[in-house]
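These are the residues of each chain, in order.
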Amino acid sequence: MWGRYRKPRFDWPFITLASLTLAGTIFAVWELVQHRFFYTTDPATLHWLFITRGIAVAVLLALWAAWYVHRSREELLDALAESEQRYRTIVELAQDAIVLYDPEGRVLDWNKRAEEIYGYRRDEVLGRIPPYVENPEEFRRTLQAVAEGQVIRRRHEKRRDRDGRLREVLVALAPYPGVQNGNHARILEIAHDMTEFLEIQRQISHMDKMATLGQLISGIAHQLNTPLASILLLTQMMEEECEDAPPRFRDNLAKIEKQVKFCKQTVQRLLSLARPSVSTRSWVDLRSIVEDLFVIYDKEFRKRGIRPRLVCECEEAEVYADSNEMEQALLNLIHNALDAMPNGGELTVRFRSDDRFVTVEVQDTGVGMDPEVQKRIFEPFFTTKGYGQGTGLGLAIVKRIVEDHGGDILVRSEKGKGTTFILRLPREANENA
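Every chain's residues receive numbers from 1 upward, in the order its sequence appears when written. Since the coordinates come from a predicted model, pLDDT governs what is reported: local features require at least 70, and pairs of side-chain atoms require 80 or more to be given and counted, while whole-chain, interface and lining totals use all residues. Values shown for side chains rest on all heavy atoms present in the structure; no hydrogens or waters enter the calculation.

Caption draft 1: Region of the structure containing the nonpolar core. Residues belong to a common nonpolar core when they are buried Ala, Val, Leu, Ile, Met, Phe, Trp, Tyr or Cys residues joined through side-chain atoms within 4.5 Å. With a 1.4 Å probe rolled over the protein chains alone, any residue whose accessible area is under 20% of its type maximum counts as buried; one over 50% counts as exposed, and the rest are partly exposed. Leu286, Phe301, Leu347, Phe351, Val360, Ile377 and Phe421 are the most contacted members of the largest nonpolar core, which totals 42 residues. Here a helix means four or more residues in a row that DSSP labels H or I, a strand means two or more in a row labelled E, and each is numbered from the N terminus. Examining the composition of this core, we find that 7 residues originate from one element, helix H10 (residues 323–339), more than from any other. Two residues form a contact once any of their heavy atoms are found within 4.5 Å. Ignoring sequence-local partners within four residues, the contact set of Val360 consists of Leu286, Leu330, Val349, Arg350, Phe351, Phe421, Ile422 and Leu423. Residues Tyr132, Val169, Leu173 and Ile187 belong to the second largest nonpolar core, which totals 22 residues.

Spelled out as C-alpha cells, the structure:
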C-alpha cells in the first residue's frame with residue numbers, strides 16, 4: 001500500500017560524474033577563450049587568468065554542491081513529513097489504544113482511541129504518568145524490563161477511566177525502535193479494550209444459565225403445584241372440622257397452612273421467572289399504582305414506624321406497559337424497602353420524566369448493602385433474609401419485568417445509610433406491538 005521504505009542516500013556516481021563534467025566544461029570553455037583572446041598575453045596576465053579559472057571552477061562546483069545538497073535535503077524533509085503523516089494516520093485510525101512511554105513511565109504519545117477508552121485528552125497526559133496507573137513503582141519496573149528487551153504480548157489488566165468505570169484491556173508491550181545511549185529509550189504499548197466483549201460474553205453465559213434454569217424450574221414447579229394445593233386444601237378442611245380441638249393442635253395446623261402458602265407463593269414466583277406470562281400493555285399511570293400500594297400498606301407502615309413519601313417531579317408518570325407487571329415490580333421494591341427498615345425509617349418514591357423516559361426511584365433509610373451484596377442482588381435465589389423469610393426471586397423478577405419493557409434498573413446503596421432502586425422505563429415501549 002505504502003511501498004517499500006528505502007533509506008535515503010546520496011547518488012555518489014551521479015555527483016562524481018556531474019562534477020567532472022562541469023569542471024571539464026569550464027576548463028574547455030576557458031581554453032577556447034584564452035586561445036582566442038589571450039594568446040599573445042604576457043606571462044603575468046596569464047598567471048592571473050589561471051588563478052581566476054581555478055577560483056571560478058571552485059565557486060561553480062561549490063554552488064553545484066550546495067544546490068544538490070539543498071534539493072536532497074528538501075526531498076528528505078518531504079519524505080520525513082510523509083512518513084510522519086503516515087504514522088500519525090495509522091495510529092489515529094487504530095482501534096486499539098496506542099501509548100508511547102519513556103523508561104520512567106511518562107507518556108510520550110497518546111492516540112485518539114486511548115482518549116476514547118480512558119477519557120483523558122492527549123495534552124492532559126503528555127509528560128506524565130498515566131492516571132490509570134495505581135502503583136507507579138511496579139509500572140516503572142515493568143517498563144524497565146521491557147526496555148531491556150522483554151516483550152509482553154498478552155496481559156489482561158483492569159484500569160479505571162476518567163469516570164471511575166473499570167475497563168478490562170488486553171495489553172502488549174515492546175521496546176520501540178530507536179536507541180539512546182546504547183539503551184532502548186522508549187516503550188510502545190498497544191491496549192485492546194475487552195470491556196464490551198467480556199460483558200456480552202457474561203450476558204450470553206447468564207442467558208444460557210437462565211434458559212437451563214427456567215426449564216428445570218418449570219418442570220419442578222408443575223410437579224409441586226398439585227401436591228401443595230392438595231395439602232393446603234386438606235389443612236383448611238381439618239381446621240374447619242377441628243374447631244373444638246386443643247389450641248396447640250389448631251396452632252400447628254395454622255403453621256402448616258402458612259408454610260404451604262409460602263411454598264405455593266415460591267412456586268408461583270419460580271414460574272413467573274422461568275416462563276413470563278403474555279403481556280397485555282396499555283397506558284399505565286405509575287403514580288396511581290404507588291398511591292394504591294401506599295393505601296394497602298398503610299397499616300404495615302404504622303406498625304413498623306415507617307413514614308411513606310410520594311414525590312412527583314413531573315406532570316405525569318405514564319408509560320405504555322403491562323399494568324399487572326408494573327404493580328408486581330413496584331410491590332416487590334416497596335416490600336423489600338419495608339424489610340430493610342426493621343426499626344422504622346422513611347420510604348420515598350420519587351418520579352421524574354423527560355420526553356422519552358419515566359424514572360422511578362424507591363429509596364429507603366434502612367440497613368443498606370455492601371458492594372459484594374449489590375453485585376448479586378439480581379441473581380435468582382440470592383437473599384440476605386433468614387430461612388423462610390425470602391426466596392431470592394423478587395428482585396430477579398423486577399429486573400426481568402423492567403428489561404422486558406425496554407428499561408433498565410440500577411441500585412445505589414451504602415451500608416447503614418439506606419438503598420435506592422432506580423427504574424428507568426421508556427414511555428412508549430412496544431406501543432405498536
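Caption draft 2: Fine view of the side chain of Arg350. Tracing the backbone through its elements, the reader meets Arg350 in strand E11 (residues 345–353). Between N or O atoms, a polar contact is any pair within 3.5 Å; within protein, one atom must be a potential hydrogen donor and the other a potential acceptor, and residues adjacent in sequence are included only when both atoms are from side chains. At 3.3 Å, the side chain of Arg350 forms a polar contact with the side chain of Glu313.

Caption draft 3: Expanded view of the sheet that holds strand E9 (residues 306–312). Pairing between two strands requires that DSSP report at least two bridges joining them. Taken together, the 5 strands give an open sheet; going across it, the order is E9-E11-E12-E14-E13, and neighbouring strands pair in mixed fashion. Two strands lie at the open edges of the sheet, namely E9 and strand E13 (408–414), each paired on one side alone. Each strand axis lies, on average, 10 degrees off the axis of its neighbour in the sheet, ignoring direction. Looking at chain direction, E11 and strand E12 (residues 357–364) are connected through 6 bridges and run antiparallel. Considered in E12, the bridge of Val349 is made with Val362. Those strands touched by helix H8 (residues 286–296) are E9, E11, E12 and strand E14 (418–426), and its axis lies near 165 degrees from that of E9. Contacting E13 and E14, helix H12 (residues 394–404) runs over the sheet at an angle of about 140 degrees to E13. Helix axes use the C-alpha atoms of the stretch in contact, all axes being lines fitted to C-alpha atoms, and the angles between their N-to-C directions lie in the range 0 to 180 degrees.

Caption draft 4: Representation of a nonpolar patch on the surface. A patch consists of residues whose relative accessible area exceeds 30% and which take part in no salt bridge; residues with like charges are grouped when within 9 Å of each other, and nonpolar side chains (Val, Leu, Ile, Met, Phe, Trp, Tyr) when within 5 Å. What sets the accessible areas is the Shrake-Rupley method with a 1.4 Å probe; for residues, cover comes only from the shown protein chains. Salt bridges, as used here, are contacts in which a Lys or Arg side-chain nitrogen is within 4 Å of a carboxyl oxygen on Asp or Glu. Taken together, Trp48, Ile51, Ile55, Val59, Leu60 and Leu63 make up a surface patch of nonpolar side chains, about 590 Å² in accessible area. For Ile51, a relative accessible area of 34% corresponds to the partly exposed category.

Caption draft 5: Inspection of the packing of aromatic side chains at higher detail. When two rings of Phe, Tyr or Trp (its six-membered ring) have centres within 6.5 Å they constitute a pair, described as stacked for plane angles under 30 degrees, edge-to-face for angles over 60, and tilted for the intermediate range. Under the definition given, this model contains 8 aromatic pairs. A ring pair is formed by Tyr101 and Phe139, whose centres lie 5.2 Å apart and whose planes are at 85 degrees; its orientation type is edge-to-face. Of this pair, Tyr101 sits in strand E1 (residues 97–101) while Phe139 is found in helix H5 (residues 136–147), placing the two residues 38 residues apart along the sequence. This pair shows no difference in class: Tyr101 is buried, exactly as Phe139 is. Look at Tyr118 and Tyr132: their rings are 4.4 Å apart centre to centre, the planes differ by 35 degrees, and that puts the pair in the tilted class. With Tyr118 in helix H3 (residues 112–118) and Tyr132 in the loop between helix H4 (122–125) and H5, the pair connects residues that are 14 residues apart, well separated along the chain. What makes Tyr118 buried here is its relative accessible area of 0%. When its relative accessible area of 5% is taken as the criterion, Tyr132 is described as buried. Put simply, the rings of Trp110, Tyr118 and Tyr132 pair up and form one aromatic cluster. For a Lys NZ or an Arg CZ to count as sitting over a ring, it must be within 6 Å of the ring centre and within 35 degrees of the ring normal. Directly above the aromatic system of Phe378 lies the positively charged group of Lys399, at a separation of 5.3 Å from the ring centroid.

Note that all results are geometric; they support no functional claim without further evidence.
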